[in-house]
Amino acid sequence: MDGLTNISTIKELMERHGFHFSKALGQNFIVNPSVCPRIAEMGGAVGCGVLEIGAGFGVLTDQLARVAKKVVCVEIDQRLLPVLDETLAEYDNVTIVNKDVMETDLKALIAEHFAGMEVVVCANLPYYITSPILMRLLEEDLPVKSITVMVQKEAGERICARPGTRQSGALTAAVWFYSEPRQLFHVSRGSFMPAPDVDSSVIRLDVRAEAPVEVTDKKDFFRVVKAAFAQRRKTVHNSLASALGLSKEKVGEAMDRAGVARNARAEQLGLEEFAAIANAMHDIFKEGSK
Ligand code: SAM
């Protein structure tokens, strides 16, 4: 349906369906007409199977449906279903799945709907669960080529910063482990209804075919990354010992074996250093799990 970025169309739909925005569900809908076509194009949706998260009134879904082979959108809010029936009525290549994305078996969903298609993810994410959604999409080894999402501007900068730089955090390391991220474009807060308190960015993560560093066990790697950033003002040595409940001596020896200085801070470490520490701690973790 045309006009989904038009404020009077949105107000009319809201009134007729008795719909009110839910802040708790991160409902800030796009009203800037240039944004969704750009997400669809730069997100590589043309001719693909597209997994969307959060349809809202369907403003992005509509643009995706125009160019994609098929769009499946997971939307938690049941109140939106009658609205979407109306706004997306002209498309026979769209399926709305009324579920919480965090409780949806995405592998099964992709297998069921996108057999034989190249799959990409495109979404204007609900900001309250940006990190858990991205982690799920990346950790589950889903057969997706890329993930193009709108996130808060600051989150986008943190995610795309290189590991080993001041802005990096645990999510940065995870994102870079699984993908090559980049910022596509910024979107001002006035491009949404209602307008959020912060500006946004669209980022694209190109999923890697292979991990960029060798790790003995992925779980060890993420345990080390999380623990190292748990108290980012401390040295990695102290942070690992306290977050993992290990003696400083054991952690220090593992860092020596990994060739990482004991006084390093998490934001100074690249993926190679995190991998070296995790590999050096593999036996300690194995011992602890017995
Ligand atoms: N795509 C629309 C747009 O761009 O205008 C809406 C984006 S809005 C930022 C986020 C959407 O995600 C809302 O429709 C909200 O109901 C939905 N949502 C929030 N939490 C969700 C969850 N856990 N699972 C699935 N959808 C969710």
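In what follows, the accompanying structure is described. (Residues numbered from 1 in each chain as written. Predicted model: local features only at pLDDT ≥ 70, side-chain atom pairs only at ≥ 80, totals over all residues. Heavy atoms only, no water.)

**Focus: the site of the ligand**
Step number 1: Around the ligand, a shell composed of 24 residues is seen, among which Gly54, Glu75, Asp100, Asn124 and Tyr128 lie nearest.
Step number 2: Here an oxygen atom of the ligand and a side-chain polar atom of Gln27 are 2.9 Å apart.
Step number 3: Contacts to the ligand include Gly56, whose backbone N or O atom sits 3.1 Å from an oxygen atom.
Step number 4: Surface burial for the ligand is 99%, taken as the share of its 600 Å² of free accessible area covered by protein chains. (Near = heavy atom within 4 Å. Polar contact = N/O pair within 3.5 Å; in protein donor to acceptor, adjacent residues only side chain to side chain. Areas by Shrake-Rupley, 256 points an atom, 1.4 Å probe, with all protein chains shown as cover.)

**Section: the pairing of strand S9 (residues 200–207)**
Step number 1: The element S9 is extensively covered by neighbouring structure, given that six of its eight residues are classed as buried.
Step number 2: Relative to S9, strand S6 (residues 146–152) is paired through seven bridges, and the arrangement is antiparallel. Bridge pairing in S9 places Ser146 opposite Asp206.
Step number 3: As defined by bridge partners, strand S7 (residues 179–187) adjoins S9 across eight bridges and the pair is classed as antiparallel. What sits directly across from Arg182, in S9, is Arg204. (Buried < 20%, exposed > 50% of the residue type's maximum accessible area, 1.4 Å probe, protein only. Helix = DSSP H or I, 4+ residues; strand = E, 2+ residues; numbered from the N terminus. Pairing = 2+ DSSP bridges.)

**Structural notes on the sheet that holds strand S2 (residues 49–53)**
Step number 1: The mixed open sheet is built from seven strands, whose spatial order is S4-S3-S2-S5-S6-S9-S7. Two strands close off the open sheet at either side, each with one partner strand: strand S4 (94–97) and S7. Averaged over all neighbouring strand pairs, the angle between strand axes comes to 20°, with direction disregarded.
Step number 2: Both S2 and strand S5 (residues 119–124) contribute to a ladder of three bridges, which runs parallel. Across the sheet, residue Leu51 finds its bridge partner in S5, namely Val121.
Step number 3: Sheet contacts for helix H5 (residues 106–113): S2, strand S3 (70–74), S4 and S5; angle to S3, the most-contacted strand, approximately 155°.
Step number 4: Contacting S2, S5, S6, S7 and S9, helix H6 (residues 130–139) runs over the sheet at an angle of about 170° to S6. (Axes fitted to C-alpha atoms, helices over the stretch in contact; angles between N-to-C directions. Contact = heavy atoms within 4.5 Å.)

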